[in-house]
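Chain and residue survey
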Amino acid sequence: MDFEPIVLGGDALGYSYARELHRCYSSKTTMLAGADIKYSSASRFTDYRTIEDIDKEQRLMEWLHAHAGHFDAQPVVIAGASDWHVRNLSKHKQELEELGYVIPYIDFDLLDDITQKDRFYARCDRLGMPYPKTIVVPFSDSYDDSVLAGTSMRVVREKRELSGLSYPLIAKPSNSADWHYADIPGKNKVYIVSSEQELFSIYDAVAASSYSHALLIQERLSASDESLHTLTTFSDANGTAIVAVSGDVLVQDRSATGIGNPLVIMSTGKHHDLLEAAGRFLADTGYEGYANFDVMDDADGNPHFLEVNTRPGRNTYYVSLAGCPFVKPLIEHFVMHHDLHDALSAKELAADDDFLFTMVPRSVIDHETHGAKHDDAMRMFDSGHWSSPLLCREDTLRQRFWGRVNFEHMRFKF
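These remarks concern the structure in this document. Because the structure is a prediction, the values reported are computed rather than measured.

What follows is about empty space enclosed by the protein. In the structure shown here, the tally under the stated rule is three cavities of 30 Å³ or more. Computed from the structure, the largest cavity encloses a volume of approximately 160 Å³. Of all the secondary-structure elements, those providing two or more residues to the lining of the largest cavity are α4 (83–91), α8 (176–181) and β15 (303–309). As a volume, the second largest cavity reaches approximately 50 Å³. As for the second largest cavity, its lining consists of Pro 5, Ile 6, Val 7, Tyr 17, Leu 21, Val 77, Ala 79, Val 327, Leu 330 and Ile 331. Counting only elements with at least two residues in the lining of the second largest cavity, the list comes to β1 (4–8), α1 (12–25), β4 (76–80) and α12 (327–335).

And the structure:
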């Protein structure tokens, strides 16, 4: 069956989609982005279109309506490279499917529920999945705290009630999509808070903004990048995980807007206990498609679930490195309507190859990692057993240049 892919966003995940769709299906991806990201626009795998305000819901819907039925092949599947892309696609899923598009994401009611981290933690509590100690600070008078009943989470509605906490702490939004659009001076994806004065300053900035969900105040589980694990699952219409891959994060992004994004991920054997817990969540929600879970160990090595992303993560190319081209479950299930047990090989279903995924050069890994994981990562790098999604020998010279520029420039973040 012929099909045509559209990818929203030209970042590392967008390019990963394009290169894997070409490798597996010889497809050329129509890529829609608000800016010219050179390592994607220079690719022979993309028809790259820079469109002003395409990240905004109204403009995106206008474009998709205007172009429905005008592609060379049908069906047309749309994938988003960011949370707000996926949120908008899910929100308009029925409307877009009536126009002939394939939207490989869960329905909006479920997406909206589980991507609000306070609600995610409430579900974790019920399913016996550990999560960080959390104080919930609502910024709306209509906040419904009944969903938190019976959990260990505490709701605080006044700034003064935050006095006397022990530091350092983590502060982060419960709703990433609303946070993305809120105008907050010095806005961070996640704050590492070292004092009450700093916490109150963050509170005041959020209170003065348009953000209308909750701020979560949490214990800081660990200061080490190597305490973080990533889990990626693809589940069928019954919520049964068909492909499941785990990896240990060695290095995270340090920038304010990217903090927490894994930059180096290494396989150290599957974390079956964590994947089993994630499986309970998938079954409980009837989750269909890709999900990505972030898990962090505390100082004693005990894991805690931090969040679920209702899409492949920015680094999902590591699933391909584990042995299952990450676009195949998505295309075979949602576009081809094949049973994945038949459509994927035994190797692809197992997805248990060793891998070292990296967005940064060797020198960064060498400097930022320690102990046995450092030694293992160095051995894998030096033996050539590593890969970056942006470095593709089969792409154009211009793409390879800009991919290498981005890769090497990452050293200046450290």
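Moving on from the model shown.
Once that is clear, we can look at the state of the cysteines. With the rule as written, the count across this model stands at zero disulfides. For the unlinked cysteine Cys 324, the closest cysteine sulfur is that of Cys 24, found at 8.5 Å. Note on Cys 324: relative accessible area 0%, which makes it buried.

We now examine the sheet that holds β1. Where strands meet in a sheet, backbone hydrogen bonds hold them as pairs that are either parallel or antiparallel. Taken in spatial order, the five strands of this open sheet run β3-β2-β1-β4-β5, and their pairing is parallel. The open sheet has two edge strands with one neighbour each: β3 (46–50) and β5 (101–102). The pairing of β1 with β4 spans five bridges and is classified as parallel. Within β4, the position partnered with Val 7 by the bridge is Ala 79. In the packing of α4 onto the sheet, the strands contacted are β1 and β4, and the crossing angle to β4 comes to about 135°.

Now for the packing of α1 against α12. Look at α1 against α12: their axes get within 10 Å of each other, and the N-to-C directions meet at 65°. Considering their axes alone, α1 and α12 lie roughly perpendicular with respect to each other. For α1 against α12, the interelement crossing comes out right-handed. Of the residues in α12, those touching α1 at Tyr 17, Glu 20, Leu 21, Cys 24 and Tyr 25 are Val 327, Lys 328, Leu 330, Ile 331 and Glu 332. Taken together, the residues of the contact of α1 with α12 break down into seven nonpolar, no polar and three charged.

Turning our eyes to something else, we now look at the pattern of salt bridges. A complete count under the given rule lists 25 salt bridges for this structure. Linking Asp 47 and Arg 49 is a salt bridge whose minimum nitrogen-to-oxygen distance equals 2.9 Å. Classification of Asp 47 as partly exposed rests on a relative accessible area of 30%. Note on Arg 49: relative accessible area 28%, which makes it partly exposed. Of the charged contacts in the structure, one is a salt bridge between Asp 83 and Arg 311, with a shortest N-O distance of 2.8 Å. Highlighted residues: Asp 83 in helix α4 and Arg 311 in the loop between β15 and α11 (317–321), separated in sequence by 228 residues.

Another point: the layout of surface pockets. Roughly 500 Å³ of volume is contained in the second largest pocket. Arg 19, Ser 387, Leu 391, Cys 392 and Arg 393 are the residues nearest the centre of the second largest pocket, which is lined by 17 residues in total. Secondary structure elements with two or more residues in the lining of the second largest pocket: α1, α11 and α17 (397–409). Taken together, the residues of the lining of the second largest pocket sort by class into six nonpolar, four polar and seven charged.

On to the sheet that holds strand β16 (residues 356–358), then. As summarised here, the arrangement of the six strands in space is β15-β14-β11-β12-β13-β16, forming an open sheet in which the pairing is antiparallel. Looking at the sheet topology across the chains shown, the edges are occupied by β15 and β16. Shown here is a sheet whose adjacent strand axes are inclined to one another by a mean of 30°, direction ignored. Bridge analysis of strand β14 (residues 289–297) against β15 gives six bridges, and the strand direction is antiparallel. Its bridge partner lying in β15, Met 296 is registered against His 304. Here helix α7 (residues 117–127) sits on the sheet and contacts β14 and β15; the angle it forms with β15, its principal contact strand, is near 130°.

It is characteristic of soluble globular proteins that their nonpolar side chains tend to be buried jointly. The biggest cluster of nonpolar side chains holds 114 residues, and the ones touching the most others in it are Ile 6, Tyr 17, Tyr 101, Phe 293 and Phe 305. What Tyr 101 contacts, discounting residues up to four positions off in sequence, is Ile 6, Leu 64, His 67, Ala 68, Phe 71, Val 76, Ile 78 and Leu 96. Membership of the second largest hydrophobic core comes to 20 residues, among which are Phe 139, Val 156, Ala 182 and Tyr 203.

Let us now look at the pairing of strand β2 (residues 29–33). The buried fraction of β2 is high, at five of five residues. The alternating pattern of β2 places Thr 29, Met 31 and Ala 33 on one face and Thr 30 and Leu 32 on the opposite face, and all of these are buried. Note: β1 against β2, three bridges, orientation parallel. Looking across to β2, one finds that Val 7 is bridged to Met 31. Running through α1, the crossover from β1 to the neighbouring parallel element β2 is right-handed.

Criteria and thresholds
Residues numbered from 1 in each chain as written. Predicted model: local features only at pLDDT ≥ 70, side-chain atom pairs only at ≥ 80, totals over all residues. Heavy atoms only, no water. 1 Å grid on protein atoms, 1.4 Å probe; cavity = no way out; pocket = protein on both sides within 12 Å on 5 of 7 lines; lining within 4 Å. Points joined across faces, edges and corners; volume = space filled by probe spheres on them. Helix = DSSP H or I, 4+ residues; strand = E, 2+ residues; numbered from the N terminus. Disulfide = S-S within 2.5 Å. Buried < 20%, exposed > 50% of the residue type's maximum accessible area, 1.4 Å probe, protein only. Pairing = 2+ DSSP bridges. Contact = heavy atoms within 4.5 Å. Axes fitted to C-alpha atoms, helices over the stretch in contact; angles between N-to-C directions. Parallel < 35°, antiparallel > 145°, perpendicular 65-115°, else oblique. Left-handed = near helix turned anticlockwise from the far one by under 90°. Nonpolar A, V, L, I, M, F, W, Y, C, P; charged D, E, K, R; others polar. Salt bridge = Lys/Arg side-chain N within 4 Å of Asp/Glu carboxyl O. Core = buried A, V, L, I, M, F, W, Y, C linked by side-chain atoms within 4.5 Å. Right-handed = clockwise from strand over helix to strand, strands pointing away.

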